[in-house]
Structure formats: structure tokens, C-alpha cells
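Inside the fold
Residue-level listing of the chains:
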Amino acid sequence: MNTAVIRRRDSVRPLTVPRRNRRPAGPALSDDAVGELCATLFSSFPRKDQRQRGEQYLRGLLTTQGRKTARNIAAHLGPPATEQTLHHFIADSTWNWRPLRAALAAHLERKTAVQAWVVRRMSIPKTGEHSVGVDRVLAPHLRQTFRGQQAFGVWLASQELSAPVDWRLVLPDQWVHDHRLRDRAGVPEEAGAESPQECAVAVALEAARRWGPRRPVLIDLRDGDLSAAVAPLSEAGVPFLLRISGTQRLSVADRAMPGFRGGPLPAQRILQLVKGVRRPVPWQDTAAGLAPRTSLAATIPVTLSDPSGATRGLSLLGEWTDPSRPPSALWLTGMTQQGPGPLLRLTKLTRRVDADFARVGEETGLRDYVGRSFRGWHRHMTLASAAHAAVVLSGADYHGGSGDGYAGDSGDGYARGYDGDSESGRTAELASA
């Protein structure tokens, strides 16, 4: 495997990420899909020039070689004055990205049979320290620290496709309490410091408040405080499937099940006690052309006590890909009426999202914003999400012309290390390993 090593100017360890090889060209990107999406999204802009800039930027994200920055998009489009115009449109303009995200979500609901919202972490390595939200970040599944940004996206997912429709940036303490940093990046007053877990739950709740219909939301909380997530999601009426660690302690709620009188037990221990109720569940692998697969799965009623003393009735879902080994995945859900089959198939939508991020999202610029502005980051992410949606809706085998995209790992995605402090192109050093 070819790899790229991101070398840093400080003591933070480098991240090694797989380099994605280019594949033969597939079906072309549909101009009809792009045009329809542009008409849907930019109709809310009151001015003709804004509608033109929006379509220009979106099409530039789809056709520009390399990183999808305002400078590169402008160079691709031609006229020298375009760079300043596009930079102003993203970083300094007044248009609100939220109506566009709602319109994008509604468009996807009309075009595909959306089954769930998947909240996915995205890490963005940086060599500089001026991009909004930059801090030393723990990559949870790699157990490795790097310098960069963290964001969580809400992806609408079906078996056929997925696309991000909302984003929330993790703001560490210094970006909230240091007024100099806050003012420089234009961080709004209502934005507060959040842990990654709080950010993941908040973006799901925000999406549920702003637009519907409400779908089951899938969040990986193996490294977070589970009770702090279950309570707000339950109270907001948002159905959820939360991936948990095997050490999470729960109480068996069914008198007929082993472990009922054992008090709080590790989730993995509970599932080992009930191996006798496992059943085969067929599912289609969305990351491998809907190839048929089968896992063993079981659900068991459990309770979780939160700090206030409230006890919530939930179901613990376990999946075994190897019957002789411990469960390969554990999920906690409030959808207690659902059996293991429908629940397990819902969890597989995370594979759809990971595959689409690696195939399309990297190359439509989801990690490519290089400015310092909080609002500029959100505007770029909105249009990059729309570009991603245009590709997956057209069914194109998209390569975007980038040639040096990198696929992240299946749970987080670590890739190109960008400085991101300016358009001057001070990027991380990439070397073959």
C-alpha cells in the first residue's frame, strides 16, 4: 500500500494515512443533477450575483484539480479577479448557510429513501494554529494526537447513497474564552466550548429541531459519557443507535435473562451471557456493492442510570461476525420495539457513509477550506456538501481530478495535512513512505 506521512513542526506524532489510487473513469457526472441542485439551493438568494457565485463555486468544487480552495477554483475558472470575488463570497459575504442546508436535506429526502442520519467525525490536520478551532486533538481509534480541527457532520443515508447535510465544528476552550482568537475568527457569541461528544449530540439535536422528518440517528460514542447523550436525545424524541464500548456498564432489565440480578455489568459481559439467543441476520454490504453478508445478532433489554438518578429502559444490540469471538460491535438504542434484524441493518449505514466519504467527500473539498473564518468554514462546508450530493445523486464514479486524495480510516478519516491559515499555500510536508 502506498502511504503519505504528514510531518509536523512540533512534537505531535505524524499521522500515516493510505493513499487512494486513481481508478478508471466511470459514468460522467450528470450536468442535469448539478443544475437541478443549484436551482434548488440558490433560489433563496435575493441577488442574482449571489446565485451566480454560488453555482460558480459549486461547479468549481466539482471540476478543479487538486485542493478545492478559492485560489485553485479561481485559477481553474480563468479571470484573475475571480479569486477575490470567490473569497469574499465565502469568507465575508452575509448569506446564511442554514437555509441551504435545509434545502439540501429536503432535496435528498425527495431523491432517495433516506433511512437514518449518521453523525460522523471528521478530523482535519493543520500545520498552522490560526484556523478556527485548531487544537491538539486525540484521534480516538488511532490513540494518537495531532494538530488540527475536529468537526461532526450529519449524513443522510440510504443503502444506495449518503451525503452530509449539516456540520458542527468542535470549539476548544481557548477559541471560546480568548477574545482575541474569537474576534479574529468571527466566532458568534452563542457558540460555546464543547467536547467532541457534546458536539456530536448537539449537531444531531440541531438537525432534528430545524428540519425533518426525524430519522434514527447513529453516533459512535465509544469514548464518551453515554448517559449525557442518552438523556437529551430521549427527551427530544430523537430515535437513536449509539455505538458503545464493551466496558460500558449496564443493568439487565429482563428477569428471564442471565445477569438480571448482577447489578451493572460491562456490556460485553452481558452479551456473552446471552449468546444462546443469537440469531443469524442477513444484510447487504453497502461498501461492497450490496454484497450479501450474514452476522449473528441479539438484543437484550437493559437500563442505564444517569447522574440525576433517572433510569432509562433501552435495548443492547450485539453483533458477532465470528461466533467464537466476543461481539464485534455493540450498540445501545431507545428503539426497544425493534428486533435485532432491522437494528443491525440500520447500523450498516455507517459503512455507506464511510465509503462515500472516501470515494467522493475527500475529492469534493470537505477538508479543503484554508481560511480562518468561522462563517467562511461553514459556507465552504455547505457548498462542498452540495457538491458531494451532486456526485452521488448522479451515480457518477467520481474522481474530481484531484489525483492525490486520501481515504481515512473507517471511523474518523485522517488525511491531507493542511496549514489552512491563509491562501498562501503553507501546507504540511507530504512524503512517500
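So, a few notes on the structure that sits alongside this text. Here the structure is a predicted model, which is why all the values come from computation and not from measurement.

1. Examining the overall build of the protein chain
- When its secondary structure is counted, the protein chain shows 13 helices and 15 strands.
- Evaluated residue by residue, the protein chain yields a buried proportion of 55% over its 433 residues.
- Residue pairs at least 24 apart in sequence account for 67% of intrachain contacts in the protein chain once pairs closer than 6 positions are excluded.
- Accessible surface for the protein chain amounts to roughly 17800 Å². Of this, 49% is attributable to carbon and sulfur atoms.

2. Overview of the pairing of strand β6 (residues 162-169)
- Of all eight residues making up β6, seven are buried, and the element is well covered by its neighbours.
- Sheet analysis places strand β5 (residues 144-157) next to β6, joined by seven bridges and oriented antiparallel. Across the sheet, F152 pairs through a bridge with R168, a residue of β6.
- Counting the residues in the hairpin turn of β5 and β6 gives four residues.

3. Side note on the packing of helix α2 (residues 48-63) against helix α3 (residues 70-77)
- Axis separation between α2 and α3 bottoms out at 9 Å; the angle between their running directions is 90°. The pairing of α2 with α3 is recorded here as roughly perpendicular in orientation. Contact residues: Q56, Y57, G60, L61 and T63 in α2; I73, H76 and L77 in α3.
- Looking at the contact of α2 with α3 residue by residue, the classes come out as four nonpolar, four polar and no charged.

4. A closer look at the side chain of R101
- Summarising the element assignment, R101 is placed in helix α5 (residues 97-111).
- Within the structure, the side chain of R101 is placed 3.0 Å from the side chain of H378, a separation counted as a polar contact.
- Once you skip the residues sitting within four places of it in the chain, R101 turns out to touch V165, D166, W167, H378, M381 and T382.

5. Re helix α12 (residues 349-359)
- Along α12, the residues classified as buried are L349, R352, V353, D354, D356, F357 and A358.
- Where the residues of α12 are buried, they touch β3 (116-125), β5, β6, α11 (340-347) and α13 (374-394).

6. Concerning the packing of aromatic side chains
- According to the stated counting rule, one finds six aromatic pairs in the structure shown.
- Taken together, the aromatic side chains of F42, F45, F89 and W95 make up a single cluster linked through ring pairs.
- In this arrangement the basic side chain of R120 is found over the ring face of F357, its NZ or CZ atom lying 4.3 Å from the centre.
- Across from the ring centre of W320, 5.0 Å away, lies the NZ or CZ of R278, which sits over that ring.

7. Brief notes about the environment of R222
- Along the chain, R222 turns up in the loop between β7 (217-220) and α9 (226-235).
- Of the residues examined, R222 reaches a relative accessible area of 27% and is grouped as partly exposed.
- Side chain to side chain, R222 and D220 meet in a polar contact 2.6 Å long.

8. Focus: the pairing of strand β12 (residues 291-305)
- Summarising the sheet, strand β9 (residues 249-252) and β12 pair through two bridges and their orientation is antiparallel. From the neighbouring strand, S251 faces β12, where its bridge partner is T303.
- Taken together, the seven bridges between strand β11 (residues 279-285) and β12 define a ladder with antiparallel strand orientation. Looking at the pairing, P282 lines up with T294 of β12.
- Connecting the antiparallel pair β11 and β12 is a turn made up of five residues, with G289 showing a positive phi of about 65°.
- For β12 and strand β13 (residues 311-320), the ladder comprises ten bridges, and the chain directions are antiparallel. Across the sheet, residue I300 finds its bridge partner in β13, namely L316.

9. Brief notes about the pattern of salt bridges
- In total, this model carries 19 salt bridges according to the counting rule given.
- Put simply, R222 and D220 hold a salt bridge, and the shortest N to O gap is 2.6 Å.
- The class of D220 is partly exposed, set by a relative accessible area of 30%.
- Salt-bridge contacts for D356 lead to R352; the nearest nitrogen and oxygen are separated by 3.0 Å. Taken together, the positions of D356 and R352, both in helix α12 and four residues apart, correspond to about one turn of that helix. Neither D356 nor R352 differs from the other in exposure class; each is buried.

10. What about unusual backbone geometry?
- In this structure, L290 is a non-glycine residue whose phi angle is positive, near 60°.
- On the secondary structure map, L290 appears in the loop between β11 and β12.

Definitions and cut-offs
- Residues numbered from 1 in each chain as written.
- Predicted model: local features only at pLDDT ≥ 70, side-chain atom pairs only at ≥ 80, totals over all residues.
- Heavy atoms only, no water.
- Helix = DSSP H or I, 4+ residues; strand = E, 2+ residues; numbered from the N terminus.
- Buried < 20%, exposed > 50% of the residue type's maximum accessible area, 1.4 Å probe, protein only.
- Contact = heavy atoms within 4.5 Å.
- Areas by Shrake-Rupley, 256 points an atom, 1.4 Å probe, with all protein chains shown as cover.
- Pairing = 2+ DSSP bridges.
- Axes fitted to C-alpha atoms, helices over the stretch in contact; angles between N-to-C directions.
- Parallel < 35°, antiparallel > 145°, perpendicular 65-115°, else oblique.
- Nonpolar A, V, L, I, M, F, W, Y, C, P; charged D, E, K, R; others polar.
- Polar contact = N/O pair within 3.5 Å; in protein donor to acceptor, adjacent residues only side chain to side chain.
- Phe/Tyr/Trp six-rings, centres within 6.5 Å; stacked < 30°, edge-to-face > 60°.
- Lys NZ or Arg CZ within 6 Å of the ring centre and 35° of its normal.
- Salt bridge = Lys/Arg side-chain N within 4 Å of Asp/Glu carboxyl O.

All we've got here are geometric facts, nothing functional implied.
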